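Spelled out, the chains give:
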Amino acid sequence: MRHLLKLLDLTTGEITEILDLADKLKAEHKAGINREPLKGKTLAMIFEKNSTRTRVSFETGIYQLGGQGIFLSGSESQIGRGEPIQDTARVLSRYCDGIMIRTFAQKTVEDLARWASVPIINGLTDFAHPCQVLADLQTIREYKGTLAGLKVAYIGDGNNMANSVIVGALKCGMSVSAACPQGYEPSQIVLEFATLCGGFEFSGNIRKAAEGADVVFTDVWASMGMEKEAAARKKAFAGYRVDDSIMQLTNNAMVQHCLPAHRGEEITDEVFEAHADEIFDEAENRLHAQKAVMELLMG
Ligand code: CP
Ligand code: NVA
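Below, the structure is looked at part by part. (Residues numbered from 1 in each chain as written. Chains lettered and ligands numbered in written order. Predicted model: local features only at pLDDT ≥ 70, side-chain atom pairs only at ≥ 80, totals over all residues. Heavy atoms only, no water.)

For ligand 2, the full set of nearby residues is Leu 124, His 129, Asn 159, Asn 160, Asp 219, Val 220, Ser 223, Met 224, Cys 258 and Leu 259. In this structure, a nitrogen atom belonging to ligand 2 sits 2.6 Å away from a side-chain N or O atom of Asp 219. Met 224 places a polar main-chain atom, nitrogen or oxygen, 2.8 Å from an oxygen atom of ligand 2. Protein contact buries 93% of the 270 Å² of open area that ligand 2 shows by itself. Classifying every residue of the shell around ligand 2 by side-chain character gives five nonpolar, four polar and one charged. (Near = heavy atom within 4 Å. Polar contact = N/O pair within 3.5 Å; in protein donor to acceptor, adjacent residues only side chain to side chain. Areas by Shrake-Rupley, 256 points an atom, 1.4 Å probe, with all protein chains shown as cover. Nonpolar A, V, L, I, M, F, W, Y, C, P; charged D, E, K, R; others polar.)

One open sheet holds the four strands; their spatial order is E2-E1-E3-E4, and the pairing between them is parallel. On the outer flanks of this sheet lie strand E2 (68-73) and strand E4 (120-122), each paired with one strand and no other. Averaged over all adjacent pairs, the angle separating strand axes in this sheet is 20°, with direction ignored. Here six bridges tie strand E1 (residues 42-47) to E2, and the two strands are oriented parallel to one another. Within E2, the position partnered with Thr 42 by the bridge is Gln 68. Of the strands in this sheet, E1, E2, strand E3 (98-102) and E4 are in contact with helix H2 (residues 53-64), which crosses E1 at around 175°. The sheet contacts of helix H3 (residues 85-95) involve E1, E2 and E3, and relative to E1 the element is tilted by about 150°. (Pairing = 2+ DSSP bridges. Helix = DSSP H or I, 4+ residues; strand = E, 2+ residues; numbered from the N terminus. Axes fitted to C-alpha atoms, helices over the stretch in contact; angles between N-to-C directions. Contact = heavy atoms within 4.5 Å.)

A separate point is helix H12 (residues 276-298). Spanning 23 residues, H12 covers 33 Å between terminal C-alpha atoms, matching the ideal 33 Å at 1.5 Å per step. The sharpest bend along H12 reaches about 30° and sits at Asn 285. In terms of residue burial, H12 counts as a mostly covered element, since 18 of its 23 residues are buried. (Expected span 1.5 Å × (residues − 1). Bend = angle between axes of the 7 residues up to and from the residue. Buried < 20%, exposed > 50% of the residue type's maximum accessible area, 1.4 Å probe, protein only.)

This paragraph deals with the side chain of Ser 77. Inspection of the secondary structure assignment puts Ser 77 in the loop between E2 and H3. Reaching out from Ser 77, the side chain makes a polar contact with the backbone oxygen of Gly 74 at a distance of 3.3 Å.

Looking now at the site of ligand 1. Taken together, the residues surrounding ligand 1 are Ser 51, Thr 52, Arg 53, Thr 54, Arg 102, His 129, Gln 132, Cys 258, Leu 259 and Arg 286. Arg 53 is positioned such that a nitrogen or oxygen atom in its side chain is 2.8 Å from an oxygen atom of ligand 1. Within the side chain of Gln 132, one N or O atom sits 3.0 Å away from a nitrogen atom of ligand 1. When ligand 1 is considered free in solution it has 260 Å² of accessible area, and contact with the protein chains removes 96% of it. For the shell around ligand 1, the residue count by class is two nonpolar, five polar and three charged.

Inspection of the entire model under this criterion finds 20 salt bridges. Linking Glu 295 and Arg 35 is a salt bridge whose minimum nitrogen-to-oxygen distance equals 3.2 Å. With a gap of 260 residues between them, Glu 295 in helix H12 and Arg 35 in the loop between helix H1 (12-30) and E1 connect regions that are remote in the sequence. Assessed through its relative accessible area of 15%, Glu 295 is described here as buried. Between Asp 157 and Arg 233 there is a salt bridge; the shortest N-O distance is 3.0 Å. Taken together, the positions of Asp 157 in the loop between strand E5 (151-155) and helix H6 (160-171) and Arg 233 in helix H9 (residues 230-236) put the pair 76 residues apart, joining distant regions of the chain. The buried category is assigned to Asp 157, whose relative accessible area is 3%. A single network of salt bridges, built from pairs that share partners, joins Lys 24, Glu 28, Arg 35 and Glu 295. (Salt bridge = Lys/Arg side-chain N within 4 Å of Asp/Glu carboxyl O.)

Following this line, the structure appears as structure tokens:
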């Protein structure tokens, strides 16, 4: 693994290696053991979209590994003034040991990787959120003891989270049932991968998706960059809320939400609070999973 651009690029073995190291780093951190495998190294962190979790977990993570993060906002750096990504890639590669980027187009991340001589980590694009789903897989394995054989239900927008959940879960031997409204399907390349992989079903029916599920995923109806569509999306997604009646159809499922959550839209306050421990463990695991990714890529 040279970069983390999307889960489609990773083998099952590579995902497992990240999860195993994430568990080890979490246990070491809780025990107060701080090896510093990235001592003296720096991670440039480019943000062209807002963030709470991704920024704080990467910056804290690189610090705990002995290195340092450098925050670059899209609007305040030359990126916001149109400096080409291939130049940014070559400049940052001369100073830093890795680059994390949160941006819009997946192509920007792929181009960055093509031009950089240091590892690139995708901190969210419109297409994928691989760091999030690695943390989610770590959390599910903690709660359930295993991944293979579990059923995942993904309910809601066929967005970056849907794309990454589908690929990550299938690669780890889980089955996935996704329910998204018409016109809001996951990416075609993901649907093709999932169909070839097997263990995947897709419909507009959220009850069918939830039936017998061990894990229920949902995400916001309007992602960052789609704010103008929010009103139209509220209408389209009205029947796609995870509530108690949906949870009753599951196999006593745990709930995963990458956050931020819009209570009363994609998830009711009752379901959110009943599963808050799982959701905040998921948020915590961003730190551990990303430390594993950084150690493997930059160590
Ligand atoms: N889940 C997630 O990526 O959160 P932030 O947008 O706060 O980084
Ligand atoms: N789908 C959401 C995830 C936020 C972490 C978005 O892209 O805004």
